[in-house]
Amino acid sequence: MQNTELDLLKMIADIDGIPSGAHNIRANGETGSRVVTENVDIVTKTDKPGIDIIIKAGTKGESVHIPVVISKTDYTETVYNDFYIGDDADVTIMAGCGIHNCGDGEARHDGIHTFYVGKNAKVKYIEKHYGEGDGTGGKNMNPTTIINIADGGYMEMETTQIKGIDSTNRITNAVLGAEAKLVIHEKLMTHGTQFAGTDFTVDLNGENSSANVVSRSVAKDTSHQKFLSKINGNNKCSGHTECDAIIMDDATVTAVPEITANHIDASLIHEAAIGKIAGEQLIKLMTLGLTESQAEEQIVNGFLK
Amino acid sequence: MLELVNISFSAPSENGEKEILKNINLKLDDGFNVITGPNGGGKSTLAKIIAGIITPTNGKILLDGEDITNLSITERANKGISFAFQQPVRFKGITVHDLISLASGKDIGMTEACDFLSQVGLCARDYINREVNASLSGGELKRIEIATVLARGTKVSLFDEPEAGIDLWSFNSLIKVFEKLHETLGGSIMIISHQERILNIADKVIVVANGTIKATGTKEEILPELLGNTMGPCKVLTDALGGAN
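Residues numbered from 1 in each chain as written. Chains lettered and ligands numbered in written order. Predicted model: local features only at pLDDT ≥ 70, side-chain atom pairs only at ≥ 80, totals over all residues.

A.B. asks: Describe in detail the packing of helix 3 (residues 96–104) of chain B against helix 6 (residues 138–152) of chain B, supporting the description with residues and values.
C.D. replies: Residues and elements named next belong to chain B. It is the contact of helix 3 with helix 6, at a shortest axis distance of 7 Å, that shows an interaxial angle of 35°. Relative to helix 6, helix 3 is oriented so that their crossing is right-handed. Where helix 3 abuts helix 6, its residues Val96, Leu99, Ile100, Ala103 and Ser104 lie against Ile144, Ala147, Thr148, Ala151 and Arg152. (Axes fitted to C-alpha atoms, helices over the stretch in contact; angles between N-to-C directions. Helix = DSSP H or I, 4+ residues; strand = E, 2+ residues; numbered from the N terminus. Left-handed = near helix turned anticlockwise from the far one by under 90°. Contact = placed C-beta atoms within 7 Å.)

A.B. asks: Please provide a residue-by-residue account of the packing of helix 2 (residues 279–286) of chain A against helix 3 (residues 292–303) of chain A, values included.
C.D. replies: All names here are of chain A. Running from N to C, helix 2 and helix 3 cross one another at 115°; their axes reach a closest spacing of 9 Å. Looking at the two axes, helix 2 sits roughly perpendicular to helix 3. Relative to helix 3, the crossing made by helix 2 is right-handed. Here Gln281, Leu282, Leu285 and Met286 of helix 2 come into contact with helix 3, specifically with Glu292, Ala295, Glu296, Gln298 and Ile299. (Parallel < 35°, antiparallel > 145°, perpendicular 65-115°, else oblique.)

A.B. asks: Requested: an account of the nonpolar core, with residues and values cited.
C.D. replies: Ranked by size, the top nonpolar core spans 90 residues in total, and within it Ala47, Ile50, Leu99, Ile100, Leu117, Ala147 and Leu158 of chain B carry the most contacts. The greatest single-element share of this core, amounting to seven residues, is contributed by helix 6 of chain B. Core analysis: the second largest hydrophobic core is formed by 56 residues, Ala13, Cys97, Ala150 and Leu204 of chain A among them. (Core = buried A, V, L, I, M, F, W, Y, C linked by C-beta atoms within 7 Å. Buried ≥ 20, exposed ≤ 12 C-beta atoms within 10 Å, placed from the backbone.)

A.B. asks: Describe the sheet that holds strand 4 (residues 58–63) of chain B, listing the residues and the values that go with them.
C.D. replies: Residues and elements named next belong to chain B. Spatially, four strands are ordered 2-1-4-5 in an open sheet, and the strand pairing comes out antiparallel. With one partner strand each, in any of the chains shown, strand 2 (16–28) and strand 5 (66–67) form the two edges of the open sheet. Relative to strand 5, strand 4 is paired through two bridges, and the arrangement is antiparallel. Each bridged residue has a counterpart across the sheet, and for Leu62 the counterpart in strand 5 is Asp67. (Pairing = 2+ DSSP bridges.)

A.B. asks: Give a detailed account of the interface of chain B and chain A, specifying residues and quantitative values.
C.D. replies: In this complex, chain B contributes 20 residues to the contact, which on the side of chain A involves 18 residues. Contributions of two or more residues to the side of chain B that touches chain A are made by helix 2 (73–79), strand 6 (81–84), helix 3 and helix 6 of chain B. The greatest single-element share of the side of chain B that touches chain A, amounting to four residues, is contributed by helix 2 of chain B. Here the residues of the side of chain B that touches chain A are counted per class, giving eleven nonpolar, six polar and three charged. (Nonpolar A, V, L, I, M, F, W, Y, C, P; charged D, E, K, R; others polar.)

A.B. asks: So what's going on with the pairing of strand 9 (residues 204–209) of chain B? Which residues, and what values?
C.D. replies: All names here are of chain B. The element strand 9 is largely enclosed, with a buried count of six among its six residues. Residues Lys204, Ile206 and Val208 point to one face of strand 9 and Val205, Val207 and Ala209 to the other, with burial holding for every one of them. As defined by bridge partners, strand 3 (residues 31–36) adjoins strand 9 across four bridges and the pair is classed as parallel. Counted as the bridge partner of Val34 is Val205 from strand 9. Pairing of strand 9 with strand 10 (residues 212–217), which is carried by five bridges, proceeds in the antiparallel orientation. Within strand 10, the position partnered with Ile206 by the bridge is Thr216. Where strand 9 folds back onto strand 10 in an antiparallel hairpin, the turn is made up of two residues, including Asn210, whose phi is positive at roughly 50°.

A.B. asks: Tell me what's going on with the pairing of strand 11 (residues 122–132) of chain A, and back it up with residues and numbers.
C.D. replies: All names here are of chain A. Among the eleven residues in strand 11, eight count as buried, and that is most of the element. As judged from the four bridges shared by strand 9 (residues 97–100) and strand 11, these two strands associate in the parallel manner. Its bridge partner lying in strand 11, His100 is registered against Glu132.

This is the structure in structure tokens:
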């Protein structure tokens, strides 16, 4: 891999060089590096681009890195990665995509990730998306995440778009079994003329299943964001969805939280708040000695932390 | 020393301009200065003018002889003026540690940040990593707000009704904080308060009502009349309100 790709890896996966544990690094459509372990197997799909990540039942404390980097222009790819997490496993999976596009053609990654979280398994899934490069070509990505959580399973998804992505449609669909729990934290920043669409759908099918979907975003310049979040309570369950957005400059944000109770014991809450940075927040930080722009930066960084 | 010279402030109202402050002349020496008086008399406006949050219609403000009237909030903060808001501001994502670090002007460690929280009666470990948001009660936010001023350690510290929203137990701790500040801080502390126990530790008491300073003096000079006559009208405040009481 070139320095450009290594820099992207550092940005999206916070790793210097090649990670030591189980990993599969995809660089410009090729496998840059792969390591499997006794408990984590990674197999190339034969029918379409992508890999299967198979984590043995009972695996504890292991992490798996599955980053993707693209440093070419006029290049698009659709990749299918399926994650099979065995019963009672407790693992961390770090994905993410970084694009460096210095050309005039589009560079795009559409990643379709499907998770099968076993009974009583616990997964922390972290993905970061980042774009850079001074070409006029678009730096686009459209991640689709399909989540199936078996009875008693738990998944925490932390999804972050750092900066530099011109257009993204982020789709997440989840189905939960009994006693299963899903926590999603989305952090998103758009600037320039960028567009970011988020579309969460969670089906709480199992008894005592629960979901907490929280999105915080900042829209700058003339960018536009659209947040859709739908939770369906199909059993005795609890669900909460929240969208907080800061708008700056001439940006626009649409938030559409939707909750549907299809069961008498479904307890569902939605919240959405969009607004500019409160003047009193700026003033408070200025009384601590920060300039207005420093105060603004602190507030935005804190909001997206 | 902080000096206010002929400070006036007017704001739009239903009946045209309303004069909130009228030709205020005041010298705040190093020490413990408590401003008291009826609600709506202009006390908070005065503090905000000193901090640069509100611009006076007329007059000037001198800090150690330097005219700071036209300086911004940030510039005044960096000259050594701190301000604890009556209603603390909430921030999503900014932690108590972040806020105290920003106040101190450097990336302070947990131990040092915790010291400031302990001084305002908070069990530091329970709070230091929490966000300064709506999950904290009004009293907790108030004490964190005061801790930010302690962390700044500036030569002029303004507190706008620090006792408001604080329970009795915490109020006792707060009095101790101010007593300690009174003993150790070399600069000027200005507290807006209605509380007798805070008035009792003042070096100087200033009574503000109807936008003017009605009385200034030591606590020995002001308090007997201000607090002593509980059965009838207080003369200082009666005078302050133009006999309305």
